[in-house]
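Coordinate analysis (summary)
Chain residues, written in single-letter form:
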Amino acid sequence: MIKLFEWAESFVAPAELELQRPFIETAHQLLEQGTGAGHEFLGWLHLPSEFDLVELERIKRAGQKIAKQADVLVVIGIGGSYLGARAALHLLQHSFHDFLPSSKRSLQVVFAGHQMSATYLAELLEILDEHEVAVNVISKSGTTTEPALAFRVIKQYMEQRYGTAEAANRIYATTDATRGALRQLATEVLYETFVIPDDVGGRFSVLTPVGLLPLAAAGIDIEALLAGAKRAEQELADPDVHKNPAYAYAALRQILRNKGKTVELFVSYEPGLHYVGEWWKQLFGESEGKDGKGLYPASADFSTDLHSLGQFVQDGARVLLETVVKIKHPRKTIQIESLPHDVDGLNYLANRSFASVNDTALEATILAHGTGGVPTIGLEVEDMTELSLGYLFYFFEKAVAMSAYLQGVNPFDQPGVEMYKSNMFAMLGKPGYEKTRVER
Ligand code: PA5
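Numbering of residues starts from 1 in each chain and follows the order in which that chain's sequence is written. This being a predicted model, a pLDDT of at least 70 is required before a residue's local features are given, and a value of 80 or more before pairs of side-chain atoms are given or counted; all residues contribute to the totals for chains, interfaces and linings. To obtain the side-chain values, all non-hydrogen atoms of the structure were included, while hydrogens and water were left out.

Comments concerning helix α15 (residues 386-407)
The condition is simple: Runs of H or I in DSSP of at least four residues are treated as helices and runs of E of at least two as strands, each being numbered from the N terminus. Take the number of residues in a helix, subtract one, and multiply by 1.5 Å to get its expected span.
Its 22 residues place the ends of α15 31 Å apart at the C-alpha level, agreeing with the 32 Å of an ideal helix rising 1.5 Å per residue. Positive phi shows up at G408, right after α15, with a value of about 85°.

Printed below as a string of structure tokens:
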């Protein structure tokens, strides 16, 4: 269901890929047998095929309840606790969903707790008064500062507006099964809760209640999303690099990294994929960027950004590789018509579709960037449906696990995100951080 339509052929010889074969087979065994670094976080690997169906029904029921009680759902979370849902909504919903007549749209999902802007939060509170509101607060640790701060404010808003009992009826907590401040609070005030499994890290959690509950509330077909991921789980279980595009993608990235391509640009020609790029950046950046190694994950929306970043990609520092995600069948088509007076000079495109022009831009860009020394890896996704997106999520999860093992790092930890936190806590005077030395 995902086709590798570009292999960076002029940059990587078939023999180089062949040389990766034994390493891929070894890393595959580490993953399948659960014996590699970080093996305690392999819960995502068979999650689609082993999903607890009773829990799935409970998520769907809660989603329906939210959709009945609210027309705005505030999703509070950061990093892996919000990017997956945001990516899915952005791709799967109508491009102008919030402007559709109410009969044609589902509830609106707004995000909070993914930064600490007072302006953003205060202005969010301003608009909530006009709506019926529900809240899904998501934090695996239950202690992350950004969502915890936002939740403190929004919880107070909900309690003042609805009263304590009704606020509790409208607040849903997704967190660890037993640990953390959020779990403790949810138990005390009786929120409905959903569990982020211990063995699934934040950036791998989109197919757990973290992603599924807000998506279900927004009317997304979460069963189809899981079905797509399940299909990927089955199809991407082959250790043969020529039969497993996720492993081929992983190997190509590592070969190109060894050739000095240290920045990977996630590129799409459909704006709906913008937040898939954001999700992908966390997945790859946190999984691989460690021990002084890794490809820096960046993203761009083409052809928009060809008019801003295009110069650099074509001609700037030669550190880039491009991963293009192409949608084979976009959700909508527009046919270009011939006009009697060809004032804009575009009649030469008559009878072509926008999609075919967009695809030509893609092909032309791959050629141009290749000539400029930027290799492209091309991934073709069937369409913009739940099934295809579920497949794509799993594809990247499997690819990053393989790629990190090939690179020789633990894919599942993120020691590097702690330092800013301990500096910040020390500077803010958080109890317990008195002795932390802040370097300037
Ligand atoms: O990948 C990770 O673990 C992090 O980026 C987390 O997703 C992020 O920090 C949010 O953490 P939590 O869900 O514990 O609030």
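Let's talk about the site of the ligand
Note the following rule: Near residues are defined by distance, with any heavy atom within 4 Å of the molecule or strand qualifying the residue. Each accessible area value is a Shrake-Rupley result obtained with a 1.4 Å probe; residue values ignore everything except the protein chains displayed when judging cover. All residues other than Ala, Val, Leu, Ile, Met, Phe, Trp, Tyr, Cys, Pro, Asp, Glu, Lys and Arg, Gly among them, are scored as polar; the first ten of these are nonpolar and the last four charged.
Close contacts around the ligand come from 13 residues, with S81, S139, T144, Q282 and E286 the closest. In isolation the ligand offers 390 Å² of accessible surface; the protein chains occlude 86% of this area. For the shell around the ligand, the class distribution of residues is 1 nonpolar, 9 polar and 3 charged.

Focus on the environment of L31
The condition is simple: Using a 1.4 Å probe on the protein chains alone, a residue whose accessible area is under 20% of its type maximum counts as buried, one over 50% counts as exposed, and one in between counts as partly exposed. We call two residues in contact when some of their heavy atoms are within 4.5 Å.
Looking at the secondary structure, you find L31 in helix α1 (residues 14-33). Taking relative accessible area as the criterion, L31 reaches 1% and is therefore assigned buried. It is 40 Å that separates the C-alpha atoms of L31 and P431, two residues lying 400 residues apart in sequence. Not counting residues up to four positions away in its chain, the partners in contact with L31 are L42, W44, L45, Y247, K398, A401, M402, Y405 and F412.

Observations concerning the packing of aromatic side chains
We apply this condition: Between rings of Phe, Tyr and Trp, where Trp is taken as its six-membered ring, a pair exists when centres lie within 6.5 Å; planes separated by under 30 degrees are stacked, by over 60 edge-to-face, and by other angles tilted. Note on criteria: charge over ring means Lys NZ or Arg CZ within 6 Å of the ring centre, with the direction from the centre no more than 35 degrees off the ring normal.
Counted according to the given criterion, the structure contains 19 aromatic pairs. Here the aromatic rings of F425 and Y433 are separated by 5.1 Å at their centres, their planes lie at 65°, and the arrangement is edge-to-face. For F425, a relative accessible area of 9% corresponds to the buried category. Pairwise contacts between aromatic rings join Y249, F266, W279, W280, F284, F393, F395 and F396 into one cluster. In this structure, R170 packs its charged tip against the face of Y162, placed 4.0 Å from the ring centre. Lying over the aromatic face of F5, K326 brings its terminal NZ or CZ to 5.4 Å of the ring centre.

Overview of the packing of helix α12 (residues 274-288) against α15
What counts, and what does not: For helices, the fitted line uses only the C-alpha atoms of the stretch in contact; every axis is such a line through C-alpha atoms, and the angle between N-to-C directions lies from 0 to 180 degrees. An angle counts as roughly parallel when it lies under 35 degrees, as roughly antiparallel when it exceeds 145, as roughly perpendicular when it falls between 65 and 115, and as oblique in every other case. Definitions for this section: a left-handed crossing has its near helix turned counterclockwise from the far helix by less than a right angle. A right-handed crossing has that turn clockwise.
The geometry of α12 relative to α15 is characterised by a closest axis approach of 9 Å and an angle of 20° between their N-to-C directions. Accordingly, the angle class assigned to the pair α12 and α15 is roughly parallel. In this structure, α12 crosses over α15, and the sense of that crossing is right-handed. The residues of α15 that touch α12, namely those facing V276, W279, W280, L283, F284, S287 and E288, are L389, L392, F393, F396, E397, A399, V400, S403, A404 and Q407.

Details of the domain arrangement of the protein
Note the cut-off: Each domain's extent is set by a domain assignment, obtained either automatically or from a database. Accessible-area loss on putting two parts together, using a 1.4 Å probe and summing over both, is the definition of buried area adopted here. Each reported salt bridge corresponds to a side-chain nitrogen of Lys or Arg within 4 Å of a carboxyl oxygen of Asp or Glu. Polar contact is defined as a pair of N or O atoms within 3.5 Å, subject to the rule that within protein one atom must be able to donate a hydrogen and the other to accept it, and that residues adjacent in sequence are counted only when both atoms are side-chain atoms.
Partitioning the protein into structural domains gives domain 1 (2-36 + 228-410) and domain 2 (47-220). For domain 1 versus domain 2, the distance between C-alpha centres works out to 30 Å. Listed per partner, the contact involves 26 residues of domain 1 and 21 residues of domain 2. Here domain 1 meets domain 2 over a buried area of about 2,100 Å², counting both sides, of which 65% is carbon and sulfur. If you sort the residues of domain 1 by the area they bury against domain 2, Y275, Q282 and R331 come out on top, with a joint share of 26%. Remark: the boundary between domain 1 and domain 2 carries 1 salt bridge. R203 is paired through a salt bridge with E286; the nearest N and O atoms lie 3.0 Å apart. Our count for the contact surface shared by domain 1 and domain 2 stands at 9 residue pairs in polar contact (both at pLDDT 80 or more). If one sorts the elements of the side of domain 1 that touches domain 2 by residue count, α12 sits on top with 9 residues. Split by residue class, the side of domain 1 that touches domain 2 holds 12 nonpolar, 5 polar and 9 charged.

Quick word on the sheet that holds strand β5 (residues 171-175)
Put simply, the test is: When DSSP finds two or more bridges between two strands, those strands count as paired.
The strand order across the open sheet built from 5 strands is β3-β2-β4-β5-β6, with neighbouring strands paired in parallel fashion. Taken across any chain shown, the strands that pair with only one partner, and hence form the sheet edges, are β3 (108-112) and β6 (192-195). Pairs of neighbouring strands in the sheet enclose a mean axial angle of 20°, with direction left out of account. Pairing of β5 with β6, which is carried by 4 bridges, proceeds in the parallel orientation. Following the sheet pairing, T174 is matched in β6 by F194.

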